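Take a look at the letters that make up each chain.
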Amino acid sequence: MDFTTISNGHSPSSCSKFYSALTAGLLNPHSPPPPSDKTRSSPTLFEMMSNEPDVHPRTQNQGQIQVPISAPRQNQPPPVIDKQALTMQRISGLLSTRSPGTQFNDPYSSDIKLTLSSKDGITVSMNVHRQIVVAHSRFFAVKLSDRWAKQQKNGSAGPYIVEIADCDDVEVYIETLKLMYCKDLRKKLMRDDVSKVLGILKVSAAIGFDAGVLSCLEYLEAAPWAEDEEEKVASLLAELRLENVGAGEVLKRVSVEVTNGTDEGGNNEEVLLKLLHVVLEGRDEKARREMKGLVLKMLRENSSQNDLRKEPLYSACDGCLEHLRNHFLRAASSDLADASQIARQADNLHWILDILIDRQIAEDFLKSWASQSELSNAHSKIPAVHRYEVSRVTARLFVGIGKGQLLASKEVRCLLLQTWLVPFYEDFGWMRRASRGLDRHLIEDGLSNTILTLPLSWQQDFLLAWFNRFLNSGEDCPNIQRAFEIWWRRAFWRRSGEQELPREPHVTTATIENS
């Protein structure tokens, strides 16, 4: 904004603007003259302020609004009310309504004619009181004090003509000026939303209206924000640099770094680990599933941040694996008392594996799982209803390798297939029928790609074994026919090609006879 002009009411330039507005019909020429100094006394600062109860419309227009108007054209349809027209309606309401007792925009008691103009061409004039604006705003106090003293010394009559140009938002500026006439600013702000308060805060900071700044910050600290307003609040407070007047209290809601004036980001890991353990140990299965999805979603949204180190995640993973091993081996020895814990711990491992894969740190888990030969050997001794969840962990590794999310050596990939492929085949039918949301085609593609990453001779061993099993199991065996076809083309096309030696080029010579 640009504070362009402060002048005596009788200056030539300002008078010409004033009377031109009058002749244009924007002012009410029939407004009664203000009472003389002999018939009224100047109101005190307290009398000019109110508690802002219910507002009432004023009976006459005491503010002037100017909008650029283009000449009407023939055969032109009536103009559609646009955003600017709606803004003008709201501004007119602000100027024509006030609470009993307040003297904002009162032409009789005011001594300043204030004109605001915006970059989009809106111009608004209103009546304010020097005593009020100087007492509340350092900006007006500096701009008015010296000039005002000179005018009083010269004995000039009439109001000051003050013009402020290039306002970002005239409507918000008027709202801010009206707050200077309120005794209870917080009560007044309770009627506004967060976006309006942010605008008032910006203007209050620009004109040095400290009471307005503090009231806006108190509002923002206590009021709820919509999700899309959080960034606006944080951005504006960072722009205004109001840390010394309470902005830090507002930002505590969205940033732990300002809680005690120091960076507390190191506590993020501790909080997240507590969340992980609470989910892993929860008793309500439905709630556990919901919270697993929620935590995984939040971690994925923040996966670029260093909020969880590899070691704590693997510590939780090792704990789940140890519990699984204990329950699995007990069930294999015909002790099925806690067999339901097998599925629970396998589900926990599957969830942690998702987190590890998202953060691209799952290779060590792949090595560990591929080495679980003791569990693999005990697999067939446990009823399928208790064990099939374990094969979901294997399936997730197949999908990860098939998508390139896990980059392990061919020896580790081969060991995974040697250890867990047969148990996976045996549980596939149960997985397909009992696991909700199982994507069969995704798993089959993952297994196919895992096998096809191996050397050709190793591919042959796994695919011929699958061919035999598929012919005897049908739907209860994963269909990796695509992998089989690719292997076939690789093996037999190259073999037949190797037997055919390339032909040497045959060069002939020719003579050209001149005719």
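Source: prediction; values computed, not measured. (Residues numbered from 1 in each chain as written. Predicted model: local features only at pLDDT ≥ 70, side-chain atom pairs only at ≥ 80, totals over all residues. Heavy atoms only, no water.)

**Student:** Before we go on, may I ask you to explain the overall build of the protein chain in this structure?
**Tutor:** Scanning the protein chain from N- to C-terminus turns up 21 helices and seven strands. Looking at the protein chain as a whole, 43% of its 515 residues qualify as buried. In the protein chain, the proportion of contacts linking residues at least 24 apart, taken out of those at least 6 apart, comes to 75%. Carbon and sulfur atoms form 51% of the exposed surface of the protein chain, whose accessible area is close to 29,200 Å². (Helix = DSSP H or I, 4+ residues; strand = E, 2+ residues; numbered from the N terminus. Buried < 20%, exposed > 50% of the residue type's maximum accessible area, 1.4 Å probe, protein only. Contact = heavy atoms within 4.5 Å. Areas by Shrake-Rupley, 256 points an atom, 1.4 Å probe, with all protein chains shown as cover.)

**Student:** Mind showing me how you'd approach the nonpolar core here?
**Tutor:** Nonpolar side chains in soluble globular proteins tend to end up buried together. Grouped together as the largest cluster of nonpolar side chains are 72 residues, with contacts concentrated most on Leu349, Trp351, Phe365, Trp369, Leu416, Phe424 and Leu447. The residues touching tryptophan 351, leaving out its near neighbours within four places in the chain, are Leu276, Val279, Leu280, Lys292, Val295 and Leu296. Ile132, Val133, Val162 and Val233 belong to the second-largest nonpolar core, a separate cluster that totals 55 residues. (Core = buried A, V, L, I, M, F, W, Y, C linked by side-chain atoms within 4.5 Å.)

**Student:** Is there a simple way to think about the pattern of salt bridges in this case?
**Tutor:** Where charged atoms from two side chains of opposite charge come close, those side chains can pair. A full pass over the atoms with the stated rule returns 26 salt bridges. Residue arginine 344 is joined to glutamate 285 by a salt bridge in which the shortest nitrogen-to-oxygen separation is 2.8 Å. With a gap of 59 residues between them, arginine 344 in helix H14 (residues 340-358) and glutamate 285 in helix H12 (residues 285-301) connect regions that are remote in the sequence. You can call glutamate 285 partly exposed: its relative accessible area is 34%. Residues joined in a network through salt bridges with shared partners are Glu285, Arg288, Lys292, Arg344, Asp347, Glu389 and Arg392. (Salt bridge = Lys/Arg side-chain N within 4 Å of Asp/Glu carboxyl O.)

**Student:** Honestly, the environment of leucine 280 in this entry has me stumped. Any pointers?
**Tutor:** Tracing the sequence through the fold places leucine 280 in helix H11 (residues 267-281). Judged by its relative accessible area of 7%, leucine 280 falls in the buried class. Between the C-alpha atoms of leucine 280 and methionine 291, which are eleven residues apart in sequence, the distance is 10.0 Å. Excluding residues that lie within four positions of it along the chain, leucine 280 makes contacts with Arg288, Ala316, Cys320, Arg344, Asn348, Trp351 and Ile352.

**Student:** I would appreciate a short explanation of the environment of alanine 332 in the present structure.
**Tutor:** By the secondary structure assignment, alanine 332 is in helix H13 (residues 310-332). Remark: the alpha-carbon pair of alanine 332 and proline 383, spanning 51 residues in sequence, is separated by 8.8 Å. Apart from residues lying up to four places away in sequence, alanine 332 is in contact with Ala378, Lys381 and Ile382.

**Student:** How should I be thinking about the packing of aromatic side chains in this particular structure?
**Tutor:** The geometry of an aromatic ring pair is captured by two quantities: the separation of the ring centres and the angle between the planes. For the structure on display, the rule yields 17 aromatic pairs. Relative to tryptophan 369, the ring of phenylalanine 365 has its centre 6.2 Å away and its plane inclined at 10°; by these criteria the two rings are stacked. A residue pair is termed a helical-turn pair when its members lie 3 or 4 positions apart in one helix, as phenylalanine 365 and tryptophan 369 do in helix H15 (residues 363-370) at four residues. Take phenylalanine 365 and tryptophan 369: they sit in the same class, and that class is buried. (Phe/Tyr/Trp six-rings, centres within 6.5 Å; stacked < 30°, edge-to-face > 60°.)

**Student:** When you look at the state of the cysteines in this model, what are you seeing that I'm missing?
**Tutor:** Simply put, disulfide is the name for a covalent bond between the sulfur atoms of two cysteines. Under the counting rule described, the total for this entry stands at zero disulfides. Between cysteine 320, a free cysteine, and cysteine 317, which holds the nearest cysteine sulfur, the sulfur-to-sulfur gap is 6.8 Å. (Disulfide = S-S within 2.5 Å.)

**Student:** Would you mind going over the packing of H13 against H14 with me for this structure?
**Tutor:** Axis angle and axis distance: for two packed helices, these are the angle between their axes and the distance between the axes, and together they describe the pair. Across the interface, H13 lies against H14 with an axial gap of 9 Å and an inter-helix angle of 155°. It follows from the interaxial angle that H13 and H14 lie roughly antiparallel. Handedness of the crossing formed by H13 with H14: left-handed. Taken together, the residues of H14 that come into contact with H13 (itself represented by Leu313, Tyr314, Ala316, Cys317, Cys320, Leu321, His323, Leu324, His327, Phe328 and Ala331) are Gln341, Ile342, Gln345, Ala346, Asn348, Leu349, Ile352, Ile355 and Leu356. For the contact of H13 with H14, the residue count by class is 15 nonpolar, five polar and no charged. (Axes fitted to C-alpha atoms, helices over the stretch in contact; angles between N-to-C directions. Parallel < 35°, antiparallel > 145°, perpendicular 65-115°, else oblique. Left-handed = near helix turned anticlockwise from the far one by under 90°. Nonpolar A, V, L, I, M, F, W, Y, C, P; charged D, E, K, R; others polar.)

**Student:** Sorry if this is basic, but what is going on with the packing of H13 against H15 here?
**Tutor:** Where H13 contacts H15, the axes come no closer than 11 Å and their chain directions differ by 20°. In terms of orientation, H13 lies roughly parallel with respect to H15. By crossing handedness, the relation of H13 to H15 is classed as right-handed. Each of Lys310, Tyr314, Cys317, Leu321 and Leu324 in H13 lies in contact with H15, whose residues at this interface are Glu363, Asp364, Phe365, Ser368 and Trp369.

**Student:** Just to check I follow, could you spell out the confidence of the model for the protein chain for this structure?
**Tutor:** In low-pLDDT segments, the atomic positions of the prediction should not be examined closely. The predicted model of the protein chain has a mean per-residue pLDDT of 78, with 73% of residues at 70 or higher. Counted against residues more than four places away or in other chains, residues 52-61, with its pLDDT under 50, gives 30 contacts. (pLDDT = per-residue confidence, 0-100.)

**Student:** Explain a negative patch on the surface to me, please; I cannot follow it from the model alone.
**Tutor:** Negative charge collects at one region of the surface, where Glu227, Asp228, Glu230 and Glu231 lie side by side. Residue position: aspartate 228 is located in the loop between helix H8 (210-222) and helix H9 (230-240). According to the relative accessible area criterion, aspartate 228 is exposed, its value standing at 54%. (Patch = residues over 30% accessible without salt bridge, like charges linked within 9 Å, V, L, I, M, F, W, Y side chains within 5 Å. Lys, Arg positive; Asp, Glu negative; His and termini not counted. Charge placed at Lys NZ, Arg CZ, Asp CG, Glu CD.)

**Student:** I'm lost on unusual backbone geometry in this one. Help?
**Tutor:** It is generally the case that most residues other than glycine have a negative phi and that most peptide bonds are trans. In the Ramachandran plot, arginine 241 falls in the positive-phi region, its phi being about 55° despite a non-glycine side chain. Topologically, arginine 241 is positioned in the loop between H9 and helix H10 (247-251). Among the residues examined, arginine 241 registers a relative accessible area of 66% and is labelled exposed. Phi is positive for serine 334, close to 75°, though the residue is something other than glycine. Secondary-structure assignment places serine 334 in the loop between H13 and H14.

**Student:** Where do I start with helix H7 (residues 194-206) in this structure?
**Tutor:** Two residues of an α-helix separated by three or four positions point the same way, owing to the 3.6 residues in each turn. Here H7 contains 13 residues, and its C-alpha end-to-end distance of 18 Å stays within 8% of the 18 Å for a straight helix at 1.5 Å per residue. Among the residues of H7, Val194, Val197, Leu198, Ile200, Leu201, Val203 and Ser204 are the ones counted as buried. Buried positions along H7 lie against helix H5 (170-179), helix H6 (185-189), H8 and H9. One or two positions beyond H7, positive phi appears at glycine 208, with a value near 70°. (Expected span 1.5 Å × (residues − 1).)

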